[in-house]
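Here is what each chain is made of, one letter per residue.
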Amino acid sequence: MNYMRAYYPIVFQDNAFYHLTTEGDEGYEFGDQFGLDLIARYSATNYVNLGMELNMIKTQKEEDHDGQYSRPTMSMVDNTDYTGLTSISLSPSIQYRIPDTTGSVELKYQHPVYQNVNGYQQVLDGRWLVTGSVAW
């Protein structure tokens, strides 16, 4: 689901998705995922947009229905009890719209403000994202 509303020079957008997983041929099932992005962009110039996003992702625990992949007594990596997370991030961004084209380039820094995981897992301290896009 995606919704956008413009009050120039400010544009608001929200994106939501749900990824439903099912058991695979070998009995393993990744956790369902839900994601939500709340975005505000300010058109600073004809070609530059400044943005701020609130990003949330929630994943459910994975399941090894047939017990073929999990070795919980030998490895934390193979223990499905240590899967699933909830993460919320703030993401400032700058977007450059390429003149006389439908293309753009965006630089975004995603900084986690809340993370909750099951058991012991590696989590993000922050990450830079560079995105290029063009509409046909």
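Residues numbered from 1 in each chain as written. Predicted model: local features only at pLDDT ≥ 70, side-chain atom pairs only at ≥ 80, totals over all residues. Heavy atoms only, no water.

A.B. asks: Could you clarify how one ought to interpret the side chain of Ser89 in this entry?
C.D. replies: With respect to the helices, strands and loops of the structure, Ser89 is situated in strand E7 (residues 85-97). Not counting the four nearest positions on each side in its chain, Ser89 is found in contact with Glu53, Leu54, Asn55, Gln110, His111, Pro112 and Val113. (Helix = DSSP H or I, 4+ residues; strand = E, 2+ residues; numbered from the N terminus. Contact = heavy atoms within 4.5 Å.)

A.B. asks: Honestly, unusual backbone geometry in this entry has me stumped. Any pointers?
C.D. replies: Note on backbone geometry: most residues besides glycine have negative phi, and most peptide bonds are trans. Put simply, Tyr8 and Pro9 share a cis peptide bond, and its omega is 15°. The backbone of Asp100 shows a phi angle near 60°, a positive value even though the residue is not glycine.

A.B. asks: Could you clarify how one ought to interpret the sheet that holds strand E1 (residues 2-7) in this entry?
C.D. replies: Two pairing modes exist for strands in a sheet, parallel and antiparallel, and in both the strands are linked by backbone hydrogen bonds. Strand order in the open sheet formed by 7 strands is E1-E2-E4-E5-E7-E8-E9, and the pairing between neighbours is antiparallel. Two strands bound the open sheet, and with one partner strand each, they are E1 and strand E9 (127-133). Neighbour to neighbour, the strand axes of the sheet diverge by 15° on average, direction disregarded. Pairing of strand E4 (residues 33-43) with strand E5 (residues 48-59) involves 11 bridges; the strand directions are antiparallel. Each bridged residue has a counterpart across the sheet, and for Gln33 the counterpart in E5 is Thr59. (Pairing = 2+ DSSP bridges. Axes fitted to C-alpha atoms, helices over the stretch in contact; angles between N-to-C directions.)

A.B. asks: How should I be thinking about the environment of Val48 in this particular structure?
C.D. replies: Its location among the elements puts Val48 in strand E5. Taking C-alpha positions, Val48 is 45 Å from Glu23, a pair spaced 25 residues apart along the chain.

In short, shape yes, function no, at least from these values alone.
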